[in-house]
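Below are the chains, spelled out letter by letter.
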Amino acid sequence: MGEFKVHRVRFFDYMPTAIRAMAFNAHTERLALARMDGSVEIFNFTDHYFQEKVIPGKDSRSTESLCWVGGRLFSAGLNGEITEYDLENLRPKYSLEAYGGPIWTIISNTQGTQLAIGCEDGTVKLFEVLEEHIQFERNLDRQKGRIISLSWHPSGTHIAAGMMDMIRVFDVPTGDTLMSMLLVDRGFGGSKSQETVVWSVAFLSDHTVVSGDSAGKVQVWDGHTGTLVKTHLVTKWDVFLPDLAVWTSEGTVIQFQFIAPTLHQQQDKEWVRTRTFKNHTHDVRALAEIETAIVSGGMDTHLVVRPLLEKFDEKSHASGLRKIHFPHRNLVSCAKKAGLLLFQFPGQLELWRLGDSDGHGKPGDRLPLKRKPEKLLLLKRKGEDHICCSALSSCGGWLAYSTVSCVRIYRLQTDNNNISITKVSKLPKALRSAHQLCFSSDSSKMFAASSQSSVLVIHGLTLTFSSPGSRQPIHLMTTSVDGKWLAAANSDCEIRVYNLQKLKLHCIVPVYGSCPSAMGIHPTTNNMTVVHADQQLFEYSIVEKQYTDWSRKLQKQGLHNVWLDRDTPVTHVTFNPKNPNQVVLHDMHMFCIIDQSLPLPDQKTQFYNQMTLRSLSEQERPSHLHAFKICKTFQDLLCVSLLDDQSLVVVERPLLAITSQLPAPVRQKKFAT
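Along every chain, residues carry numbers that run from 1 in the direction the sequence is written. Totals for whole chains, interfaces and linings use every residue, but because this is a predicted model, local features are given only for residues with pLDDT of at least 70 and side-chain atom pairs only at 80 or more, for both listing and counting. Computation of side-chain values covers all heavy atoms of the structure but excludes hydrogens and water.

- Per an unreviewed UniProt entry, the protein carries the name UTP4 small subunit processome component and comes from Oncorhynchus mykiss.

Right, here's the structure in full:
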């Protein structure tokens, strides 16, 4: 693998916020997820759960509920507004005041023609879904208490509403209340004196109504008569019920199935508690049940995909538990020439100078520091919109960031321990916002990914448009060291390569069916290495407009199963300028140096072979070498990059450090309790 001096960085205090709501689109197989900071993330479940898009948050935005209507995404929150999102430009398309106070829930009918919201003032409001917007239609029969949860009957003619101590069923055509179901039993202990909140309801096709409440109960009701059929006491704490699975404020997910309770009672089916999953340390706040898995998220910030094993014929990679902890994009920029790091937070940027050491030692030694890492700059954003992307030039002299409403560029000058920052005041008017930013290797140009997959080239105050491609947003950009090439990838899986000298499109890389997760252009050959969400890896010759011989050989032989079975995507590709055969890339759990001068591993080869190689003699070692050299010494990785001085920067964010900063869970189960 070679020896590197490693800067082990653990001072990036990245802290994701809690997951508040989610909604699954069964037609497109996209999961929308909303966090407490108002941001929304879109995951493509057909493409290895890749985080395809991120809509940045806003200080004043509060999201309580999400809802898909066809390919359109809506949210509602305690600010009393309904928001539709522009999924091409990654921003809110518009927001509409509902005039009912805080909104607790939003749902659509199965036909996709109407939205219903539950409001603080006791109204269920209906909105008509039009081609470009939504329009208020009418209120259903107003109630005295807030509407916490809603569920539309599949026929579209009835709506069940969860309230305080009560469930109401409405007739949608007339708006009248058909029946009320009173929650007489408020649980046990101190909770008896408190109102019971019906956090969630599910209205099934046979007119069964299932509810989950703050007294820890799951109750099954006859929707025709309004009578209680059965009560399941699940916990002493809050219970939420999105479909036919339940989550609790203890971090537990419980599955219910409509089955016969015994083998001898096949005709008498009922709702039976069948499974309990404990994959969260804190309370679960959102859950979606899809065809093959239960997806959950909550206060512990990570997304859990728990496959239902009965849906799989045999144990496989697809049937394994998956946890998504980190974003599938870069939050760290590295100035390779200056030894600086830029950390991106929603509300600010931090600029750090790496430490330095004169010491020498053997592999694994910790070297003494002659200069400690130093925070040079804390730059807070302007306005309420959160930062969506940022960039630092390789010389460390330029810094830029974008929100959905503005782009800001700064000139940095460092003199020993002093740093000065100057805002570039006059920017081209077309540069309003960007999905991605990056600088050229010589820091003379900045590139901004704008709307409809177009790229803006900023050189001084001059702005040039490159040709637009798909309407989908660009999520990756990379430039060549010689300043000749720029490559941009979008969520339609397109990669376009632009000639920066002629300022025109050079070629489109053959479209592969999985989204690119990382890419980089080799500093000497101008071959582009691309890694996709399904872990496939390609090398493309930009000059010759075709895949390289090494790439064709790799695809013909096939990647090792151990490589393909990894469950986190590669998020960064870089190169070793001192060894042109080496490509460096990383995911959350490892970094890998691919040495193209070595043979490719076949399926019989021991893939993780570093320990074996160390135990062999110099004569035996060559016969066991292969191209993929994996290092798992460092974990929970946010960035791995090579500086110009040949030192390696490894940015870690230990998951335990994130957990330690979370609020205490509602309840922790202790031994014998």
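That was the structure; now back to the text.
### Describing the overall build of the protein
Piece 1. Strands here mean DSSP runs of E at least two residues long; helices mean DSSP runs of H or I at least four residues long; both are numbered from the N terminus. In terms of regular secondary structure, the protein is built from four helices and 55 strands.
Piece 2. Under the scheme applied here, a residue whose accessible area is under 20% of the maximum for its type counts as buried, over 50% as exposed, and between as partly exposed, the area being computed with a 1.4 Å probe on protein chains only. For the protein, the proportion of its 673 residues judged to be buried stands at 56%.
Piece 3. Contact between two residues is taken to exist if any of their heavy atoms lie within 4.5 Å; hydrogens are not considered. Contacts spanning at least 24 positions in sequence make up 48% of the contacts within the protein whose residues lie at least 6 apart.
Piece 4. Accessible surface is estimated by sampling points in the Shrake-Rupley manner with a 1.4 Å probe; for residues, cover comes only from the protein chains shown. Accessible surface computed for the protein: about 29,600 Å², of which carbon and sulfur atoms make up 49%.

### Considering the packing of aromatic side chains
Piece 1. Stacked, edge-to-face and tilted labels apply to pairs of Phe, Tyr and Trp rings (six-membered ring for Trp) whose centres lie within 6.5 Å, assigned for plane angles under 30 degrees, over 60, and everything in between, in that order. Evaluation of the coordinates by the stated rule reveals 16 aromatic pairs.
Piece 2. Ring centres of Phe11 and Trp352 lie 4.2 Å apart, and the angle between their planes is 25 degrees; on these two criteria the pair is classed as stacked. Taken together, the residues span a long stretch of sequence, with Phe11 in the loop between β1 (6–9) and β2 (19–25) and Trp352 in strand β32 (residues 348–353) at a distance of 341 residues.
Piece 3. Ring centres of Phe12 and Tyr14 lie 6.2 Å apart, and the angle between their planes is 50 degrees; this geometry places the pair in the tilted category. Of the two residues examined, Phe12 and Tyr14, each falls in the buried class.
Piece 4. Counting every residue linked through ring pairs, the aromatic cluster contains Phe11, Phe12, Tyr14, Phe326, Phe343, Phe345 and Trp352.
Piece 5. As a reminder, the over-ring test applies to NZ of lysine and CZ of arginine, requiring each to be within 6 Å of the ring centre and within 35 degrees of the ring normal. The ring centre of Trp563 lies 4.0 Å from the NZ or CZ of Arg566, which sits over that ring.

### Digging into the sheet that holds strand β55 (residues 648–652)
Piece 1. Spatial strand order, β1-β55-β54: three strands in an open sheet with mixed pairing. Unpaired on one side and paired on the other, β1 and β54 (637–642) mark the two borders of the sheet. Across the sheet, the mean angle from the axis of one strand to that of its neighbour is 10 degrees, orientation sign disregarded.
Piece 2. Taken together, the five bridges between β54 and β55 define a ladder with antiparallel strand orientation. Note on β55: the bridge partner recorded for Val640 is Val650. At least two bridges found by DSSP between two strands are what make those strands a pair. Convention adopted: a line fitted to C-alpha atoms gives each axis, helices being fitted over their contacting stretch, and angles between N-to-C directions are expressed from 0 to 180 degrees.

### What about the side chain of Asp534?
Piece 1. Mapping Asp534 onto the fold places it in the loop between β47 (527–532) and β48 (537–541).
Piece 2. Asp and Glu count as negative and Lys and Arg as positive, but His and the ends of the chain are not part of the count. Any carboxyl oxygen of Asp or Glu that lies within 4 Å of a side-chain nitrogen of Lys or Arg is treated as forming a salt bridge with it. No salt bridge is formed by the buried Asp534. Its closest oppositely charged neighbour is Arg566, at 9.1 Å.
Piece 3. Side chain to side chain, Asp534 and Tyr512 meet in a polar contact 2.5 Å long.
Piece 4. Among residues more than four places away in sequence, those in contact with Asp534 are Asp47, His48, Tyr512, Ser514 and Leu564. Contacts described as polar in this section are N or O atom pairs within 3.5 Å, which, within protein, must combine one atom able to donate a hydrogen with one able to accept it, while residues neighboring in sequence count only if both atoms come from side chains.

### Some points on helix α1 (residues 549–557)
Given 3.6 residues per turn, any residue in an α-helix points the same way as the ones three and four places further on.
Piece 1. If you check which residues of α1 are buried, you get Trp550, Ser551 and Leu554. Along the axis of α1, the buried residues cluster in a sector spanning 100 degrees; they form a single face. Among the exposed residues of α1, those pointing more than 90 degrees away from its buried face are Asp549, Lys553 and Lys556.
Piece 2. Summarising the contacts, the buried residues of α1 are in contact with β48, β49 (546–547) and β52 (591–595). What the arc covers is the set of directions going from the helix axis to the C-beta atoms.

### Here's the deal with the nonpolar core
Piece 1. Nonpolar cores were defined as sets of buried Ala, Val, Leu, Ile, Met, Phe, Trp, Tyr and Cys residues, with membership established by side-chain atoms within 4.5 Å. If you look at the biggest cluster of nonpolar residues, it comprises 21 residues, and the most contacted ones within it are Leu537, Trp563, Val573, Leu585, Cys592, Ile594 and Phe628.
Piece 2. Counting residues per element, the ones that place at least two in this core are α1, β50 (572–575), β51 (582–586), β52 and β53 (628–631).
Piece 3. Those residues within four positions of Trp563 in sequence are excluded, and the remaining contacts are Gln535, Leu537, Val570, Leu585, Met590, Cys592, Phe607, Phe628 and Ile630.
Piece 4. Among the nonpolar cores identified, the runner-up in size contains 20 residues, and Phe12, Cys334, Phe343 and Cys639 belong to it.

### Concerning the pairing of strand β6 (residues 65–69)
Piece 1. The element β6 is extensively covered by neighbouring structure, given that five of its five residues are classed as buried.
Piece 2. Note that β6 and strand β7 (residues 72–76) share five bridges and pair antiparallel. Residue pairing across strands places Leu66 opposite Ser75, the latter belonging to β7.

### Points about the sheet that holds β49
Piece 1. Read across the sheet, four strands follow the order β46-β47-β48-β49 without closing on themselves; strand pairing throughout is antiparallel. Edge positions in the open sheet fall to β46 (516–521) and β49, since each of these has one partner strand only.
Piece 2. The sheet contacts of α1 involve β48 and β49, and relative to β48 the element is tilted by about 155 degrees.

### Focus: the environment of Leu638
Piece 1. When you line up the elements, Leu638 lands in strand β54.
Piece 2. Between the alpha carbons of Leu638 and Tyr14 there is a distance of 9.3 Å; along the sequence they are 624 residues apart.
Piece 3. When residues no more than four places from it in sequence are discounted, the contact partners of Leu638 are Phe12, Tyr14, Phe326, Asn330, His586, Val651 and Arg653.

### Examining the environment of His624
Piece 1. For His624, the position within the fold is in the loop between α3 (610–615) and β53.
Piece 2. Here His624 falls in the partly exposed class, since its relative accessible area comes to 38%.
Piece 3. Placed 25 residues apart in sequence, His624 and Pro599 show a C-alpha to C-alpha distance of 9.7 Å.

### A look at empty space enclosed by the protein
Piece 1. As defined here, a cavity is a set of points on a 1 Å grid over the protein atoms alone where a 1.4 Å probe fits but cannot get out. A pocket is an open set with protein on both sides within 12 Å along at least five of seven lines, and residues line them when an atom is within 4 Å of a point. Grid points are joined across faces, edges and corners, and a volume is the space filled by probe spheres set on the points. Per the counting criterion, the structure on display carries eight cavities of 30 Å³ or more.
Piece 2. Every residue lining the largest cavity is counted, 18 residues in all, and those nearest its centre are Phe326, Pro327, His328, Thr571 and Met588.
Piece 3. Ranked by the residues each element gives to the lining of the largest cavity, the list is headed by strand β29 (residues 322–324), at three residues.
Piece 4. Here the term charged refers only to Asp, Glu, Lys and Arg, the term nonpolar to Ala, Val, Leu, Ile, Met, Phe, Trp, Tyr, Cys and Pro, and the term polar to all other amino acids, Gly among them. For the lining of the largest cavity, a count of residues per class yields eight nonpolar, five polar and five charged.
Piece 5. Empty space within the second largest cavity amounts to approximately 70 Å³.
Piece 6. Lining the second largest cavity are 13 residues; nearest its centre among them are Ile495, Val509, Val530, His532 and Tyr547.
Piece 7. Elements with a contribution of two residues or more to the lining of the second largest cavity: β47 and β48.
Piece 8. Per-class residue counts for the lining of the second largest cavity are 11 nonpolar, one polar and one charged.

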